[in-house]
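Understanding the architecture of this molecule
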Amino acid sequence: MTLRFYDTASAEVRDFVPLEAGKASVYYCGATVQGMPHVGHVRSAIAFDQLTRWLEYRGLRVTVVRNVTDIDDKILAKSAQSFGPDWAEEPTAKAEEEWWALAYRYEQEFEQAYDILGVSRPTYEPRATGHIPEMHALIQRLIDRGHAYPAQDDSGDVYFDVRSWSKYGSLTRQNIDDMQGAADVEPQFSNRKRDPRDFALWKGYKEGEPTTASWVSPWGTGRPGWHLECSAMATKYLGQQFDIHGGGLDLRFPHHENEMAQSQAAGDGFANFWLHNGMVTYAGEKMSKSVGNTVSPAEMLELASPRVVRYYLGQAQYRSVLDYRPTSLQEAAAAVERIYGFIAKASKKFGGEFTAHPESSPVPDAFAAAMDDDLNVPQALGALHETVRAGNTALASGDDAAARNALQAVMAMTTVLGLNDARGEVQENSGTAQALEVLVEAQLQARAEARAKKDWAASDAIRDILAAAGIAVEDGSDGASWSFKRD
């Protein structure tokens, strides 16, 4: 089956044909590092990690760019609080913290969250502050083409002229006259713009802002606008036209609309596909701090292992809403236990022959067809669990050939979904895991000897000791196997 993805710009599912044979180029919006990661950030990263892994499985060499917005109004505002009486409102806040230090600290929090949940590092992860010359060049191209203008009051601001670009609004299929004005200038300075909807490409320095947050430009000292940053960084690393631009659904307007307009107005083809992942809700309601119904990745990781959290956040079709409920992680944990319970039993029987290099193993046709069809992960998970069921049946009946094939396929599918890379699980090659296995196997051997002597009391006592330690024992035709119990 041909790879097919839903393109937001055309509002249809289209065949994916890379611009360059054998390669794929992907840019997706990373974090504005003004605070701790929230669940929407992590869901987006997992969705595009799944995309990348599937493109690679299909034989493409993928270049991935995920940006870091490390200069922004919100970052400056958060830093300013650290010098005032409200600096301690956030538990992670630091007293008298410069904006660049705050941004870097939160950047590390994002990287840690991505790593724990098995999100692969991108090929490039550029920071906005490292690409000011590229932004100046893009602004000048837009001015030269008649699509941008400096403010008339020598403020240093430069704006994109939305009415000069007839395709403005096409990504989100809006009429320009129905749009609200861009909120990037104070009302008293609104006369700087030709149209209220014109958005800032360059923001002139304002009194009270840290001088370290400004750069010299042909139009005056200042800093870049948010939308401009992504356009400059995407084309810097992927060229004037690339395959896929992704991000959360909330970024379609104005961020991605403005990105597309300014890039194409400058003469770049820009993204061939626009992919957007859906939001995360709480019991059907939008998450909101004011309502008190938010849940963070850190809170999820206190309730479940990284593998379970990754399974939950990646289990829905990427474009759909993912609804969190108090039982969501318990349900995900049960699903993960079924998958890795089978892997543990089959690996013990056959050794590590299929677990060393799972990326080289084929996936079932049903799994491949689902992933090819706009990353239909729910159907792909259906194929995964069906293979687990078949594998368990084969183990119970002694059909070694079928059980081997199932293990091979399951390892391939969990690798594509990134479940094997989530941290926090006991690793097979760790010293802790080896010591634990020796101790548990010794207990199981003693239990087997007790059962052979029909000493049921001793056998039950050993099972109870293991159960108290969180170890579940399952008896089978090949002897007893063990796994970690899930609450």
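Structure shown above.
A brief structural summary. (Residues numbered from 1 in each chain as written. Predicted model: local features only at pLDDT ≥ 70, side-chain atom pairs only at ≥ 80, totals over all residues. Heavy atoms only, no water.)

**Quick word on the overall build of the chain**
The test is simple: Strands are runs of DSSP state E lasting at least two residues, helices are runs of H or I lasting at least four, and both sets are numbered from the N terminus onward. Remark: exposure states derive from per-residue accessible area (1.4 Å probe, protein chains only) relative to the maximum for the residue type, with buried under 20%, exposed over 50%, and partly exposed in between. The contact criterion used is simple: two residues touch if any of their non-hydrogen atoms lie within 4.5 Å. Only the protein chains shown count as cover for residues, with accessible areas throughout obtained via the Shrake-Rupley method and a probe of 1.4 Å.
Each helix and strand counted, the chain has 14 helices and 15 strands in total. Within the chain, the fraction of its 487 residues that count as buried is 49%. Partitioning the contacts of the chain with sequence separation of at least 6, the portion at a separation of at least 24 is 74%. Carbon together with sulfur atoms contributes 50% to the accessible area of the chain, which is approximately 22500 Å² in total.

**Considerations on the pattern of salt bridges**
What counts is decided by this rule: When a carboxyl oxygen of Asp or Glu is within 4 Å of a side-chain nitrogen of Lys or Arg, the pair counts as a salt bridge.
By the definition in use, this model includes 28 salt bridges. Its salt-bridge partner being D7, residue R14 comes within 2.9 Å of it at the nearest N-O pair. The salt bridge partner of K203 is D73, with a shortest N-O separation of 2.9 Å. Of the two residues, K203 sits in strand β7 (residues 199-204) while D73 sits in helix α2 (residues 73-81), which places them 130 residues apart along the sequence.

**Points about the sheet that holds strand β5 (residues 148-150)**
Selection rule: Pairing between two strands is assigned when DSSP locates at least 2 bridges connecting them. The angle between two axes is taken between their N-to-C directions and runs from 0 to 180 degrees, where each axis is a line fitted to C-alpha atoms and a helix contributes only its stretch in contact.
Overall, antiparallel pairing links the 4 strands, which are arranged β5-β6-β7-β8 in an open sheet. Looking at the sheet topology across the chains shown, the edges are occupied by β5 and β8 (222-224). Strand-to-strand twist of the sheet, defined as the mean angle between neighbouring strand axes without regard to direction, takes the value 20 degrees. Here 3 bridges tie β5 to strand β6 (residues 158-160), and the two strands are oriented antiparallel to one another. When the bridges of β6 are listed, Y149 appears paired with Y159.

**Thoughts on the packing of helix α5 (residues 226-238) against helix α6 (residues 252-265)**
Spelled out, the test is: Here roughly perpendicular refers to angles of 65 to 115 degrees, roughly parallel to angles under 35, roughly antiparallel to angles over 145, and oblique to all remaining angles. In this scheme, a crossing is called left-handed if the near helix is turned counterclockwise away from the far one by less than a right angle; it is called right-handed if the turn is clockwise. When residues are sorted by character, Ala, Val, Leu, Ile, Met, Phe, Trp, Tyr, Cys and Pro go into the nonpolar class, Asp, Glu, Lys and Arg into the charged class, and all the rest, Gly among them, into the polar class.
Close contact between α5 and α6 brings their axes to 9 Å; oriented N to C, the two are set at 55 degrees. The orientation of α5 with respect to α6, classified from their angle, is oblique. Both α5 and α6 take part in a crossing whose hand is right-handed. Here α5 contributes W226, H227, L228, C230 and S231 to the contact with α6, which in turn contributes P254, H255, N258, E259, Q262 and S263. By residue class, the composition of the contact of α5 with α6 is 4 nonpolar, 6 polar and 1 charged.

**Some words on unusual backbone geometry**
Residue F253 is joined to P254 through a cis peptide bond whose omega torsion reads 5 degrees. In this structure, P254 sits in helix α6. Here A283, not a glycine, exhibits a phi torsion of approximately 50 degrees, which is positive. Note that A283 resides in the loop between β11 (280-282) and β12 (285-286). Non-glycine residue D374 carries a positive phi angle of around 55 degrees.

**Some details on the packing of aromatic side chains**
Each aromatic ring pair is characterised by the separation of its centres together with the angle its planes make. Under the convention used in this document: Pairing of aromatic rings covers Phe, Tyr and Trp, the last counted by its six-membered ring, and requires centre-to-centre distances within 6.5 Å; plane angles under 30 degrees mean stacked, over 60 mean edge-to-face, and any other angle means tilted. By definition, being over a ring means that NZ of Lys or CZ of Arg is both within 6 Å of the ring centre and within 35 degrees of the ring normal.
Per the stated rule, a full pass over the model turns up 16 aromatic pairs. Ring geometry for W99 and W215: centres 6.5 Å apart, planes at 75 degrees, overall edge-to-face. Here W99, found in helix α3 (residues 99-116), pairs with W215, found in the loop between β7 and β8; they are 116 residues apart in sequence, far enough to count as distant. Relative accessible area serves as the criterion here: at 6%, W99 is assigned to the buried category. What links up through ring pairs into an aromatic cluster is the set F5, F16 and F273. When the ring centre of Y340 is taken as origin, the NZ or CZ atom of R307, which lies over that ring, is 3.8 Å away. Above the face of the Y6 ring, R319 is positioned so that its terminal group lies 4.3 Å from the ring centre.

**A word on helix α12 (residues 400-416)**
Definition in use: Multiplying 1.5 Å by the residue count of a helix minus one yields the expected span of that helix.
Helix length check: α12 (17 residues) gives 24 Å between terminal C-alpha atoms against 24 Å at 1.5 Å per residue, within 8%. Buried within α12 we find A403, A406, L407, A409, V410, M411, A412, M413, T414, T415 and V416. On the buried face of α12, the contacting elements are α1 (39-57), α9 (328-350), α10 (365-372) and α11 (377-397). Looking one or two residues past α12, G418 carries a phi angle of roughly 80 degrees, positive in sign.

**Side note on the pairing of strand β3 (residues 23-28)**
For β3, the buried fraction is high: 5 of the 6 residues fall into the buried class. Looking at chain direction, β3 and strand β9 (residues 241-248) are connected through 3 bridges and run parallel. Residue pairing across strands places Y28 opposite G246, the latter belonging to β9.

**Section: the side chain of H136**
By secondary structure assignment, the location of H136 is in helix α4 (residues 132-144). Discounting chain neighbours no more than four positions away, the residues touching H136 are W202, V216, S217, P218 and W219.

**Things to note about the sheet that holds β12**
Across the sheet, 3 strands lie side by side as β12-β11-β13; this open sheet has mixed pairing. Single-partner strands in this sheet number two, and they are β12 and β13 (322-324). Here β11 runs beside β12; their pairing, made up of 2 bridges, is antiparallel. Bridged to T281 within β12 is K286.

**With respect to the nonpolar core**
Across soluble globular proteins, you tend to see nonpolar side chains buried next to one another. To keep it simple, the criterion reads: The term nonpolar core refers to a set of buried residues drawn from Ala, Val, Leu, Ile, Met, Phe, Trp, Tyr and Cys, joined through side-chain atoms within 4.5 Å.
If you look at the biggest cluster of nonpolar residues, it comprises 123 residues, and the most contacted ones within it are F5, L55 and F367. For this core, the element with the highest residue contribution is α9, accounting for 11 residues. Non-local contacts of F5, meaning those with residues more than four positions away in its chain, are made with E12, V13, R14, F16, L51, L55, I244, F273, L275, D374 and L375. Within the second largest apolar cluster, 7 residues are counted, among which are V440, L444, L466 and W482.

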